[in-house]
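What follows is each chain in one-letter form.
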Amino acid sequence: MIARIIDGKARAERLSQDTAQRVAERVRSGRRPPGLAVVLVGDDPASHIYVRNKRRTTDAVGMRSFSYDLPATATQDQVVALVHELNGNADVSGILVQLPLPAHIDAAAVTEAIDPLKDVDGLSAYNMGRLVLRTPALRPCTPYGCMLLIAETGASIAGMRAVVIGQSNMVGRPMALELLMARCTVTVCHSATRDLPGVVAEADIVVAAIGRLRLVQGEWIKPGAIVIDVGTNRTAAGKLAGDVDFESAQMRAGWITPVPGGVGPMTIAVLLQNALRAAELQDASRAAQMPGLRAREGLDAVGRQREADA
């Protein structure tokens with residue numbers, strides 16, 4: 001058996017085309033285009049690449065792009081002050097603070113400073129809490145992108161055993177919640193997990209998000225399993241590779257995502273969709289004359305629409 005490839009580039013392109021069409025319809029109706037503000041602190045080379053790609057794709061779908069590059073010496077108070085300024089800017093519908101931040105800045109404090117209706121990363125306590133309660137509004141980008149890729153297989157995943165390797169707030173934990181909402185039986189693995197190969201061997205779905213080059217070996221994979229590789233690691237030759245040993249895993253899995261070209265493009269496509277969703281949430285908030293997250297009906301309506309889109 002040779003696994004079929006889940007083409008993240010193609011799926012991301014379809015999602016971005018849909019977002020661009022809806023943005024154009026929004027503008028034709030006389031409403032302002034969504035605006036995405038990206039805040040970059042410091043000189044991390046990988047972050048600069050990610051931010052450049054995000055800004056380019058934001059423009060490509062007809063949204064406004066706002067760029068804020070701060071030096072590595074910027075203080076936490078300065079970053080939070082900028083976030084508060086963007087919260088009050090009606091032209092900005094979404095705010096993304098690129099992670100990781102310099103060590104002297106508390107990333108959680110910065111994330112919580114973002115208006116929940118502008119939290120396009122979906123990582124604030126409010127948006128994560130809605131995911132826990134199964135009433136999502138703005139969902140964490142990478143996990144939701146993974147769910148869309150799993151849907152590409154056409155498999156009915158309710159009741160499947162799913163293993164998530166990694167428990168980060170950005171990917172592992174919300175990924176487990178997404179799979180739970182899809183009625184999978186979910187196990188989350190981490191550095192203290194005993195017999196990781198044995199746990200993985202029982203999984204119908206494996207999501208690897210641990211950040212360790214080729215940790216997951218092909219012989220661990222259950223024949224026919226769906227394998228989603230979130231990892232982005234550099235080999236000794238400087239090439240990108242995932243958390244899964246692709247060549248050996250491809251000989252056992254039923255479906256597998258490549259690195260690059262799998263989850264990465266989906267993360268950016270979902271980010272842009274979130275920026276559009278955020279604009280819709282803010283429209284509902286203004287229509288209800290209730291600022292911020294008190295526009296409950298608008299949040300619920302957008303959450304239901306997100307489920308329908310899936």
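Anyway, here's the lowdown on the structure attached to this text. These numbers come from a predicted model, not from an experiment. Each residue is numbered by its place in its chain's sequence as written, counting from 1. Given that the model is predicted, a residue must reach a pLDDT of at least 70 before its local features are reported, and side-chain atom pairs must reach 80 or more before they are shown or counted; all residues, however, enter totals for whole chains, interfaces and linings. The basis for every side-chain value is the complete set of heavy atoms in the structure, and neither hydrogens nor water enter the calculation.

**Side note on the sheet that holds strand E2 (residues 35–41)**
Sheet architecture is open: 3 strands sit in the order E3-E2-E4, paired in parallel fashion. Each edge of the sheet is formed by a strand with only one pairing partner; in this case those strands are strand E3 (64–70) and strand E4 (94–97). In this sheet, adjacent strand axes meet at a mean angle of 15 degrees when their direction is disregarded. Strand pairing is assigned whenever DSSP detects at least two bridges linking the two strands. Elements are defined by DSSP. Helices are runs of H or I of four residues or more, strands are runs of E of two residues or more, and each kind is numbered from the N terminus. Between N-to-C directions, angles span 0 to 180 degrees; the directions come from axes that are lines fitted to C-alpha atoms, helices contributing only their stretch in contact.

**Regarding the sheet that holds strand E8 (residues 226–229)**
On the basis of which strands lie adjacent, the open sheet formed by 6 strands has the order E1-E11-E8-E7-E5-E6 and parallel pairing. Each edge of the open sheet is held by one strand with a lone partner, namely strand E1 (4–5) and strand E6 (185–189). The strands touched by helix H7 (residues 172–181) are strand E5 (161–165), E6 and strand E7 (205–208); relative to E5, the strand with the most contacts, the crossing angle is about 170 degrees. Any two residues whose heavy atoms approach within 4.5 Å at even a single point are treated as in contact.

**Overview of empty space enclosed by the protein**
Of the two site types, the cavity is a set of points on a 1 Å grid over the protein atoms alone where a 1.4 Å probe fits but cannot get out, and the pocket is an open set with protein on both sides within 12 Å along at least five of seven lines, each lined by residues with an atom within 4 Å of a point. Grid points are joined across faces, edges and corners, and a volume is the space filled by probe spheres set on the points. The full count for this structure, using the stated rule, is 2 cavities of 30 Å³ or more. Quantified by volume, the largest cavity comes out at close to 60 Å³. As for the largest cavity, its lining consists of Val97, Leu99, Leu101, Ala107, Val110, Thr111, Ile114, Asp119, Asp121 and Leu123. Here the element with the most residues in the lining of the largest cavity is helix H4 (residues 107–113); it accounts for 3 residues. For the lining of the largest cavity, a count of residues per class yields 7 nonpolar, 1 polar and 2 charged. As for the second largest cavity, its lining consists of Arg26, Arg32, Pro33, Pro34, Ala90, Asp91, Ser93, Ala279, Gln282, Asp283 and Arg286. Considering each element in turn, the lining of the second largest cavity owes the most residues, 4 residues, to helix H10 (residues 263–287). Nonpolar residues are Ala, Val, Leu, Ile, Met, Phe, Trp, Tyr, Cys and Pro. Charged residues are Asp, Glu, Lys and Arg, and all others, Gly as well, are polar.

**What to know about the side chain of asparagine 233**
Take asparagine 233: it is sitting in strand E9 (residues 233–234). To sort residues, take the accessible area from a 1.4 Å probe on protein chains only and compare it with the maximum for the residue type: under 20% means buried, over 50% means exposed, and anything in between is partly exposed. Owing to a relative accessible area of 11%, asparagine 233 belongs among the buried residues under this scheme. Polar contacts, as counted here, are pairs of nitrogen or oxygen atoms within 3.5 Å of one another; within protein the pair requires one atom able to donate a hydrogen and one able to accept it, and residues that are adjacent in sequence qualify only if both atoms are side-chain atoms. At a separation of 3.2 Å, a polar atom in the side chain of asparagine 233 contacts the main-chain carbonyl oxygen of glycine 242. In this view, asparagine 233 contacts Gly211, Arg212, Leu213, Lys239, Leu240, Ala241, Gly242 and Asp243; residues no more than four positions away in its chain are not counted.

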